[in-house]
Each structure stands twice: as structure tokens, then as C-alpha cells.
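# Remarks on the overall topology
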Amino acid sequence: MGQELTGDENYAERKIPDDEKIIKQVLLGDATAFEILVERYKSKIFTLAYRMLSSMEEAEDVSQEAFVKIYRSLKIYDAGRTKFSTWIYRITYNLCVDHLRKRRETAPLAEDGIVAPSASPEELAVAKDGARILHEAICELPEEYRVPLVLFHFHGLSYREICKVLNLPMSIVKNRLFRARRLLKEKLYGGD
Amino acid sequence: MRCEFCEEKIMEYLDGELDLQKKEHILRHINSCSRCSHFLTAMRAEYMMLSELPLLSPSPGFTRKVMSSIRNKRAAHAPGESVLMAAVLAFSALALHILALWNAEYLIFTLTSAARWFAGITAFIGAVFGAALWLMNFTAKLFTFSQDILVFNQRVLLDILGEYPVGIAVIALLSLVEVFLWGRLLQTKKS
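Because the structure is predicted, anything quoted here is derived from the model rather than measured.

Attention now moves to the overall build of chain A. For chain A, the count of helices and strands is 11 helices and zero strands. When the helices and strands of chain A are listed from N to C terminus, the series reads α-α-α-α-α-α-α-α-α-α-α. Out of the 192 residues belonging to chain A, those deemed buried represent 49%. Pairs at least 24 residues apart make up 62% of the contacts formed inside chain A by residues separated by at least 6 positions. Accessible area of chain A: about 9600 Å², with a carbon and sulfur share of 50%.

Pasting the structure below:
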């Protein structure tokens, strides 16, 4: 252990530091090390928030809130039990769920908290025909189906990791994932 | 095999979640069933499209905003200082507690043995706790290379003190009040 740790700086120069190393640095009081984690995960966190909230502005606010919460909760993160990415997706997911609940409370007429996807310039830039159709089809999926789909296909999570993020049993996760794809298939290609 | 059930297995197959035996079983079925074969092709196309959809990026100033937000919260919270302050308060309260006990023994003899035991045990536990925390902090600073131990120590310290600095401070202040009241009571009894 000592050998590896005394050579810490050389090690950092040779290789991109892994999440756990950065977390240790942050816990030692080096807040700037957290910037590496933000850079590393911001797109994934933002994409998850956006796929759940369907609003660029709100997704950005919630992502920011998520990173602050991640920073403040780092000391209770247990690397032995959960992968860092799974843990931060869970934090983001919970914040998004809270946000959707608040949205429903303030605008009870909006159906299921879903708003029409907002098209920012950035979004339009990537929205070529096929991608745009798919993007809209994903946005139209009910939240409970959309989230496991996004976690699997955009974030590369396994079934088991999705269970951890959503705090749901495997049977429900599988079922929702299958239904999401069936619904998506119907939207993209019509029924059977 | 029912095709509806098979559709789920096809997705599990594409997700790489099937073991070898189940995989062979499903592939055999697909070869003999045009409906499932068609479903597999459609699903492959869907998976392909999903994999091509890019991740989205937040606005360019995102990281800067997150970091300044963290710095602001840190300045307001200052966990390091609050830990130190809470530790100092707790430690001095304990010292006073022990002093008061010593005084109690010295000043008065009417104190019941049960009360003495109670006071003695609480002071002992408190002293051990305080000393352990102090030692942990000290060794953590001394052996900066032993990062694992340091992180563990910091977690313990932060969990116990950092999260509840106000609580610790209140306990410390209550101990001071207790010491004061004991002193008054004992002096009154003595006179």
C-alpha cells in the first residue's frame, strides 16, 4: 500500500486518475480535484436529467444541484458497495423525481409532469431526422419506462445497476425496460 | 416457446444478460420462427439507433458554475473549522467534567456512590471518545501518506462532529452548565 501511495504524484502523471483516487483527494480537502469528476460525468448526468425532465434549463439546474449534493455526500459514499457512476445516477434520479413532483404540484394540469421537449440550438444541431424522431419518441415514453431505457442505452448500466439506481426489484426493471422498447418500436415502426 | 415470452428473451440476449445455454435455446427458436426473427431484426435496428444518439452537454460554463457553488457552500459551512471547534469544545467540556468530579470528591462526602459511579463512567467514556478523536486527527495529519487511514479518520470525524457541530457544541455547553450547577450545589451543602 505504502509503495503505491508514496508514488502518488508520479502515478497521476502517468495515468488518468480513477474515480476512487479523485474521491480520496477531495476528501483530503482538495476541492479542485472534484472538477475532474464534474468534467468526467457532466454529460451523462445532464443527459439523464434532460431525458427525465425534457427541459434544457431545468436539466442544467438539477445537474448542478446533483453535483453539489454528490460533493457534500462524498464522505458517505461506499466504494465497496456501489460503483461511483451508479451512485451518482441514483442521486440525480432522486433529485429529478423530486423536481417532477414539485412540477406536478405547481402545475397540476400538466399531464404526468411531462412537458414538450424544448429544442435548444445544441439540440437542433444533433437533431437530424432519424435522431430527432427517436429523441421525440423517447420523450413521449412514460417516465417509468423512459428512465430504465436511458440508463441502459445511454449510460451503459447493467440490469443490476439499474435496480440499484431506481431501488426496484429485477423483475420490475426488466419488465419496464422491455415495455419501453416495445413502445419505442411501435412509435418508430408502428405496431406488429 | 410462446413468442411473447421469446421477445423478452431476445431483448435479454441483445442486452448480453443471457447465459450460454439460454442463448443457444433462443437462437434455435429464432431460426425456426419468422415472427421472432423479424422482431430480432427490428430490435437490432432500434438498439443501433439508440447507440447512435449522442450524449447531451450542458452549457459551456457548467463546471465553473458547479465549482463556484461548491466553494460558496464550503465557505459558508467550513466543515474543517467546525470539526476543530466542536472537538475543542467537547474536549474542554470533558476536562471540566473530570475536574468537577475531582472537586466533588474533594469537597463533599455525602454524594451517593451510585451518582459517583454514574458521573465517573460518563466522564470516562467521554474522555476515551475525545482522546480517540484527537489521536485520530493527530495521526492523520502526521502520516499524510497513509491515505486510506486518513480518509477513514476524516469520515469518522466528519460523520460524528462535522455533521453535528451544533449538537456537539450544545452538549459541551450543557456540560459547562452542569459543572457550574454541581459546584454551586456542593458548595451550598458544604456550607
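Another aspect to go through is the packing of aromatic side chains. Residues and elements named next belong to chain A. The tally for this structure, following the rule as stated, stands at nine aromatic pairs over all chains. Seen in terms of ring centroids, F34 and F67 are 6.5 Å apart; in terms of plane orientation they differ by 80°. Their pairing is edge-to-face. Placement of F34 in helix α4 (residues 34-53) and of F67 in helix α5 (residues 56-73) is noted, with a sequence separation of 33 residues between them. The residues F34 and F67 share a single accessibility class, namely buried.

Residues and elements named next belong to chain A. Of note in this structure, S54 is not a glycine but carries a positive phi near 55°. Structurally, S54 is set in the loop between α4 and α5. Located in the positive-phi region is N167, a residue other than glycine, with phi close to 55°. Examined against the element boundaries, N167 turns out to sit in the loop between α10 (159-166) and α11 (170-189). For N167, a relative accessible area of 59% puts it in the exposed group.

All names here are of chain A. Counting 79 residues, the largest nonpolar core has F34, F67, F84, I138, L151 and L184 as its most contacted members. Per-element accounting of this core gives the leading share, 11 residues, to α4. If we ignore the near neighbours within four places in the chain, the residues touching L151 are L48, Y89, G156, L157, I162, V165 and L166.

Okay, the pattern of salt bridges next. Residues and elements named next belong to chain A. Taken as a whole and assessed by the stated rule, the structure comprises 12 salt bridges over all chains. With a shortest N-O distance of 3.0 Å, K83 and E161 are connected by a salt bridge. Taken together, the residues span a long stretch of sequence, with K83 in the loop between α5 and α6 (84-106) and E161 in helix α10 at a distance of 78 residues. Looking at K83, the relative accessible area reads 47%, which means it is partly exposed. Between E140 and K187 there is a salt bridge, with its nearest N and O atoms 3.6 Å apart. Within this pair, whereas E140 is found in helix α8 (residues 129-140), its partner K187 is found in helix α11, the two being separated by 47 residues in sequence. In this structure K187 comes out as partly exposed when scored by relative accessible area, which is 38%.

The next point concerns the side chain of T47 of chain A. Relative to the elements of secondary structure, T47 of chain A occurs in helix α4. On the basis of relative accessible area, T47 of chain A is assigned to the buried category, the value being 0%. Setting aside chain neighbours within four positions, we find T47 of chain A in contact with F154 of chain A together with L55 and L56 of chain B.

Conventions adopted
Residues numbered from 1 in each chain as written. Chains lettered and ligands numbered in written order. Predicted model: local features only at pLDDT ≥ 70, side-chain atom pairs only at ≥ 80, totals over all residues. Heavy atoms only, no water. Helix = DSSP H or I, 4+ residues; strand = E, 2+ residues; numbered from the N terminus. Buried < 20%, exposed > 50% of the residue type's maximum accessible area, 1.4 Å probe, protein only. Contact = heavy atoms within 4.5 Å. Areas by Shrake-Rupley, 256 points an atom, 1.4 Å probe, with all protein chains shown as cover. Phe/Tyr/Trp six-rings, centres within 6.5 Å; stacked < 30°, edge-to-face > 60°. Core = buried A, V, L, I, M, F, W, Y, C linked by side-chain atoms within 4.5 Å. Salt bridge = Lys/Arg side-chain N within 4 Å of Asp/Glu carboxyl O.

None of this, on its own, says anything about what the molecule does.
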